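Architecture and fold: a report
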Amino acid sequence: MPVTSQLFRGFPLAKLWGSSLFPCQRQLPCCPTSHRPTSSQPHPIWPTAMPVRGYRRSPDLHSYNLTPPQVNSILKANEYSFKVPEFDGKNVSSVMGFDSNQLPANAPIEDRRSAATCLQTRGMLLGVFDGHAGCACAQALSERLFYYVAMSLMPHETLCELEAAVEAGRPLSPILQWHKHPNDYFTREAQTMYFNSLRTYWQELIDLSSPGESLGPREALLSAFKRLDSDLSLEAQVGDANSFLHYWVLRVAFSGATACVAHIDGSDLYVANTGDGRAVLGVQEEDGSFSAHTLSNDHNAQNENEVARIQGEHPPSEKKTVVRQDRLLGLLMPFRAFGDVKFKWSIDLQRGVLESGPDQLHDNEHTKFIPPNYHTPPYLTAEPEITHHRLRPQDRFLVLGTDGLWETLHRQEVVRIVGEYLTGVHQRQPLTVGGYHVTLGQMQGLLAERKARASLAFQDQNAATHLIRHAVGNNEFGAVDHETLSKMLSLPEELARMYRDDITIIITQFNPHVVGHQGTWT
Amino acid sequence: WIGVLFSLGRRGIWSSPRRLASAVETTQPIPLPSQARVVICGGGIVGTSVAYHLAKLGWTEIVLLEQGRLGAGTTRLCAGIVSVAKPISIECKMADYSNSLYEHLEEETGVKTGYVKTGSLCLAQNQDRFLSLKRLASRLNVMGIPCNVIKPKEVSKLHPLVNIHDLVGALHLPGDAVVSPPDVNHALATAAAGHGVQIHERTTVNHVMMEKGHVTAVETDRGAIECEYFVNCAGQWAYELGQASETKVSVPLHGCEHFYLLSKPLPEPLQPSTPVVMDMDGRIYVRAWQGGVLSGGFEKNPKPIFTEGRNQLEIQTMQEDWDHFEPMLSALLRRMPELEVCEIQQLVNCPESFTPDMRCLMGETPGVHGYFVLAGMNASGLAFAGGAGKYLAEWMTYGYPTANVWPLDIKRFGNLQSSRTFLRHRVMEVMPLLYNLKVPRWDFQTGRQLRTSPLYDRLDTQGARWMEKHGFERAKYFIPAGKDLLSLDASKTFYKPDWFDIVGAEVKCCKEAVCVIDMSSFTKFELTSTDDQALALLQHLCANDLDVPVGHIVHTGMLNERGGYENDCSVVRVKKNSFFIISPTDQQVHCWSWLKKHMPDDPQLHLEDVSWKYTALNLIGPRAMDVLGELSYVSMTPEHFPSLFCKEMSVGYANGIRVMSMTHTGEPGFMLYIPIEYALHVYNEVMSVGQKYGIRNAGYYALRSLRIEKFFAFWGQDLDPFTTPLECGREFRVKFDTDIDFLGRASLLHQRQEGVSRRFIMLVLEDHDTELDLWPWWGEPIYRNGELCGTTTSSAYSYTLERHVCLGFVSPPSLDGSPAAVTPDFINRGDYEVDIAGQRYPAKAKLYPFSSLFAQQRRRKDEMELSNFQGK
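Residues numbered from 1 in each chain as written. Chains lettered and ligands numbered in written order. Predicted model: local features only at pLDDT ≥ 70, side-chain atom pairs only at ≥ 80, totals over all residues. Heavy atoms only, no water.

What to know about the nonpolar core
All names here are of chain B. If you look at the biggest cluster of nonpolar residues, it comprises 96 residues, and the most contacted ones within it are Ile40, Tyr102 and Met362. Per element, the largest residue contribution to this core is 10 residues, and it comes from helix H10 (residues 381–398). If near-sequence neighbours (up to four positions away) are discounted, Met362 is found in contact with Met94, Val373, Leu374, Ala388, Tyr391, Leu392, Trp395, Val405, Leu408, Asp409 and Ile410. (Core = buried A, V, L, I, M, F, W, Y, C linked by side-chain atoms within 4.5 Å. Buried < 20%, exposed > 50% of the residue type's maximum accessible area, 1.4 Å probe, protein only. Helix = DSSP H or I, 4+ residues; strand = E, 2+ residues; numbered from the N terminus. Contact = heavy atoms within 4.5 Å.)

Structure below.
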């Protein structure tokens with residue numbers, strides 16, 4: 001029982017079900033401006049639509065006030081920073097470092113993040129993964145995807161060396177240097193299986209390439225994404241003798257996750273995106289202000305190209321059903337994702353796998369559930385859209401975020417907040433009295449306000465934390481308000497998801513002295 | 001009003017027109033003279049004050065050069081407060097003199113100075129601040145400057161706006177005043193010009209020419225002026241000007257931005273006579289200004305400026321920074337809530353220059369004769385200018401001022417304090433310190449670990465807590481393992497300090513076993529000659545007889561003409577014509593320049609600073625001889641190695657260690673002067689052999705307690721250029737029995753005839769509860785039979801006597817105007833009291849130390865080991 005319930009626990013509350021079932025999740029229609037309730041009024045829709053239980057009340061009644069240190073400890077629990085040494089003896093790095101953080105809304109959190117430096121090839125990999133219907137798929141991506149990318153990037157010779165080392169039982173030279181928060185974990189039990197799949201992949205890469213060859217970053221990312229998704233699917237079909245692993249691979253395959261990954265090598269920035277995560281570049285204009293340059297397209301109903309693509313991939317008879325209520329088959333919000341075999345496998349295959357699976361699966365009503373109007377699978381792909389950007393000196397930072405961030409803050413706002421944080425408050429316009437009539441009292445009030453704003457910025461050592469503080473705590477004036485913050489963070493577990501989604505952010509800072517002067521490190 | 005202001009074409013807050021009687025305002029600049037006696041650079045309040053006082057002392061051919069207009073620098077923007085509330089007595093004296101000078105300036109010159117004797121109020125928001133104000137009051141009483149410690153209620157009677165709800169008390173200084181600084185500047189310039197001083201504006205000094213260590217000329221953008229003396233009063237730019245001479249002159253100062261606010265007049269205009277308020281806990285000062293207020297402060301996070309030189313920013317284009325001023329504005333409105341409705345006139349940014357120790361820079365520079373400096377006023381330029389100008393003029397006239405200005409002497413610094421990074425960091429600490437509460441034995445935190453002993457790391461890991469002297473790190477005490485370090489470093493108090501027991505244990509170990517103290521910071525010189533030139537020089541400079549057998553150590557003062565101590569040192573005759581001179585740490589520059597000044601130009605006579613070559617370890621305690629004996633296979637007992645001898649010997653594997661039988665404390669033991677490459681080895685050997693004798697590390701606090709309880713005076717603290725050996729009972733260290741004419745001999749002979757009018761005594765506090773009562777520090781008034789008779793100069797708790805011991809000077813009251821001689825009865829028959837922050841504690845006065853404190857040692861019969869120069 002516990003396994004099954006875990007396997008499907010995510011379904012009702014995440015991205016799967018149509019608004020007909022749970023109208024108020026995800027888009028939170030209750031909150032027209034910012035997707036969050038203005039604290040004073042309980043919003044009009046959800047109490048009627050929700051399966052109301054006695055203890056569920058509006059947050060302003062339910063929540064208790066958190067002190068600023070309590071708020072900080074919640075916000076900072078998952079923060080992580082990594083500084084790249086500017087010159088490691090070999091290369092000048094275009095990346096100065098990154099700040100990352102995540103704030104859970106689901107319990108447990110379904111978002112994942114990864115960051116690693118490629119050791120066999122150049123460059124750094126950063127990614128955010130937004131899971132739905134559980135965290136299993138996102139967890140698998142966070143552990144495995146970068147290895148697939150790293151393998152794809154390796155030249156033929158390196159792959160051969162690797163294979164020879166494994167063959168001879170020699171220790172492998174490390175492939176990735178991970179930059180992990182202590183909460184970012186690996187699934188130990190599955191490592192052997194993961195490794196075997198990876199080895200099969202590189203063996204194929206060896207077979208497919210010839211000496212002196214390696215894939216370019218674009219092809220490498222594409223190949224890695226597709227290969228990993230097919231491995232997830234295959235592992236679920238094959239199963240495993242170990243019953244825990246068997247449950248695990250099914251959980252991974254039946255849950256889903258989006259991925260937004262950046263590969264940065266010198267001035268070359270590649271973004272591979274599958275789903276509705278987003279990569280936004282912070283560009284500093286000549287006047288010092290910041291503007292947003294988006295490097296990925298969201299794969300959801302708001303993207304006309306995506307809607308057209310999906311409709312084009314299926315017969316005209318399904319035109320009305322394949323995208324309903326802005327969801328894939330009326331159920332799924334992201335239009336591309338890893339896992340989610342319910343949208344990929346044929347009905348027979350789904351039934352077959354579930355029947356041969358652990359007994360517990362049969363008891364779950366969801367196992368028998370097949371999406372409506374399911375005629376011409378697959379409906380879903382993990383194929384990423386890949387963008388290349390040549391970094392310029394004015395490109396100051398890259399924000400990778402799951403949709404939990406982007407639905408609360410506009411990208412322009414995100415870039416402004418981060419930009420101002422990174423450049424410090426020195427950018428603020430100095431006050432002058434000029435010829436105005438200002439009393440000492442008025443001035444004091446004004447200065448206190450400015451100080452409060454500045455001190456919030458300095459409260460966080462981590463740009464991602466600072467951004468989350470704004471995403472969660474902004475009041476209607478765009479200023480962080482402790483009361484809002486306190487209410488949003490003290491929501492009971494089962495309510496939090498109604499007001500906000502998991503938020504995961506990685507902010508990478510570029511070294512303006514390095515980017516744009518290409519050739520110095522190659 | 002604004003119109004008046006800007007019609008002058010400059011930014012300034014003072015409205016009065018400035019027009020000189022001399023022809024400076026004419027369109028055609030007067031040609032510069034080709035020669036002068038003195039050239040003063042800087043037409044601010046300091047430069048004009050120097051010119052004024054030189055002229056008053058009869059100097060002629062004085063030229064004052066100003067790169068812009070008179071008073072165009074800090075002076076123009078300064079807040080105009082003349083207060084005597086200053087941290088040290090010499091500064092109080094200068095401020096007091098400035099005050100009376102400015103008061104009578106209008107009368108003398110006819111120039112309006114805006115002088116109003118408003119008085120001032122120093123507020124205390126807490127008991128510790130109140131204590132420090134009471135201590136200040138005690139000091140001012142000694143100088144006869146009126147002041148009253150008052151209750152908060154009386155504050156509101158004196159000032160209509162002050163919110164007194166959070167005050168515990170205040171100090172009222174009725175004599176303090178406000179002026180208009182540019183007008184005082186103008187008045188001083190007018191008076192100086194009247195005495196024949198030539199003033200030239202818009203003339204920039206490019207550099208100062210020198211020959212053979214003497215100033216010869218000044219090069220300006222309008223030609224050169226030959227001169228004998230040059231005075232650098234360039235304020236903010238004094239550092240750079242010092243660097244711009246042939247031989248670089250180190251003027252260690254650095255600018256910080258300083259902000260104050262001007263308000264428009266209050267609805268009910270504030271009277272000009274309203275007292276100045278100094279709310280140091282709120283970090284602000286407030287004075288009445290044109291019916292409104294002028295209020296600035298010394299913030300915790302100052303903004304250093306001009307690090308890279310004068311071309312970076314001109315003083316005229318300084319930006320206001322309201323965000324930076326916010327804490328001070330809040331403090332102001334908290335102190336005077338009624339100002340909330342008052343309108344802002346302007347926020348003024350007026351850079352001030354600060355020095356590494358919060359005191360100004362005065363005097364002749366060590367390397368160059370005739371090059372004088374007066375700068376680095378630490379935001380008190382106006383208050384100090386009068387007095388400082390007078391002292392500097394006296395210095396140039398008589399060779400030394402009429403008061404002890406060692407705390408201000410530029411020779412307390414050397415090149416080592418001249419790093420811009422050091423200055424930048426240090427002034428960021430100094431500026432807030434102006435208004436910080438200063439408790440006994442505070443240390444600077446910035447610019448540390450500059451000079452260290454090779455043993456620094458070893459000692460640090462053993463729990464050493466450090467203080468700094470002349471850039472050198474010295475251990476104060478050693479925290480035993482397991483002590484709560486955090487609380488120890490944090491506590492600040494006027495009462496019993498938290499290191500009391502720690503130092504007590506170190507003292508006990510010195511008395512009963514053996515301790516090792518790293519004393520490498522001492523200044524060490526070697527004077528050698530081919531013939532007897534070295535001896536001849538020292539016989540001339542030192543009061544004591546240096547013609548002793550090789551291997552003898554002589555404690556001696558180096559006296560000036562007046563017989564006062566310029567230095568107090570230990571001299572070892574290492575070879576027949578080679579002497580090793582050990583002086584206090586901060587004598588490095590002063591003693592060097594004193595020796596150089598009196599050295600004949602003889603290539604056969606060679607002086608070398610070897611401070612950096614030796615690590616000095618002080619082994620104190622009865623078992624020191626056992627430790628050394630074991631390490632050298634030589635008997636170190638007093639029979640074989642009597643007190644005050646020096647031998648080169650081996651210690652462990654290291655050979656050539658200078659071992660001296662003295663400890664600077666009166667305790668038995670040895671000083672080891674170790675070539676630095678052997679330092680770690682010798683230290684390790686000493687510690688490992690010493691283990692069975694109970695050896696431990698000790699710090700300067702233990703040393704201090706030991707020397708003060710034995711009545712050892714310390715140069716710079718107890719001894720100064722105005723104190724003679726006779727006044728501190730050191731006649732036995734003066735070679736009266738020879739007929740060698742040493743420097744100061746005549747004055748001493750005269751004094752011996754007349755009798756001394758002040759005497760160094762030791763006071764043992766009675767009825768003083770170490771746990772509960774305030775601790776003495778220094779500068780406390782001494783009363784005899786209820787009558788003020790002197791001040792203390794240092795104090796320490798004696799763990800042996802279990803009493804506080806204060807050292808200080810007393811003088812009998814003069815009956816007929818001429819000083820009365822001190823008699824034994826004056827000391828022995830009198831009820832003495834020491835005033836600590838207004839509370840008097842009875843004390844027993846003594847002329848001689850307790851002989852019981854000296855361990856039984858075999859001494860050279862003619863000499864007692866009474867050494868003298870440990871750190872504070």
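So that's the structure; there's more coming.
Some details on the side chain of Asp395 of chain A
Residues and elements named next belong to chain A. Mapped onto the elements, Asp395 comes out in strand E14 (residues 395–401). At 2.8 Å, the side chain of Asp395 and the side chain of His389 are in polar contact. There is a polar contact of 2.7 Å between the side chain of Asp395 and the side chain of Arg392. Setting aside residues no more than four positions away along its own chain, Asp395 makes contact with Leu281, Gly282, Val283, His389, Arg390 and Phe510. (Polar contact = N/O pair within 3.5 Å; in protein donor to acceptor, adjacent residues only side chain to side chain.)

Topic: the packing of aromatic side chains
Residue and element names in this part refer to chain B. One pass over the full model with this rule turns up 41 aromatic pairs over all chains. On the numbers, 6.4 Å between centres and 85 degrees between planes, the contact of Phe826 with Tyr832 is edge-to-face. Aromatic rings pair up to connect Tyr477, Trp499, Phe500, Tyr701, Trp775, Tyr797 and Tyr799 into one cluster. Above the plane of the ring of Tyr239 lies Arg420, whose end atom (NZ or CZ) is 4.1 Å from the centre. (Phe/Tyr/Trp six-rings, centres within 6.5 Å; stacked < 30°, edge-to-face > 60°. Lys NZ or Arg CZ within 6 Å of the ring centre and 35° of its normal.)

Some remarks on the interface of chain B and chain A
Listed per partner, the contact involves 16 residues of chain B and 15 residues of chain A. Across the chain B to chain A interface the summed buried area is about 1500 Å²; carbon plus sulfur atoms make up 60%. Taken together, the connections running from chain B to chain A amount to 0 salt bridges. One can count 7 residue pairs in polar contact (both at pLDDT 80 or more) joining chain B with chain A. (Buried area = accessible area lost by both parts, 1.4 Å probe. Salt bridge = Lys/Arg side-chain N within 4 Å of Asp/Glu carboxyl O.)

Looking at the layout of surface pockets
All names here are of chain B. A volume near 1000 Å³ is recorded for the second largest pocket. Those elements that place two or more of their residues in the lining of the second largest pocket are H10 and helix H16 (588–598). With 9 residues, the top contributor of residues to the lining of the second largest pocket is H16. A breakdown of the residues in the lining of the second largest pocket according to their chemical character gives 14 nonpolar, 15 polar and 11 charged. (1 Å grid on protein atoms, 1.4 Å probe; cavity = no way out; pocket = protein on both sides within 12 Å on 5 of 7 lines; lining within 4 Å. Points joined across faces, edges and corners; volume = space filled by probe spheres on them. Nonpolar A, V, L, I, M, F, W, Y, C, P; charged D, E, K, R; others polar.)

As for empty space enclosed by the protein
Residues and elements named next belong to chain B. Scanning the entire structure with this criterion turns up 9 cavities of 30 Å³ or more. Here the largest cavity is characterised by a volume of approximately 110 Å³. If you trace the largest cavity, you find 13 residues lining it, with Trp499, Arg704, Trp775, Ala796 and Tyr797 closest to the centre. Those elements giving two or more residues to the lining of the largest cavity turn out to be helix H19 (700–709) and strand E38 (787–798). Here the residues of the lining of the largest cavity sort into 8 nonpolar, 3 polar and 2 charged.

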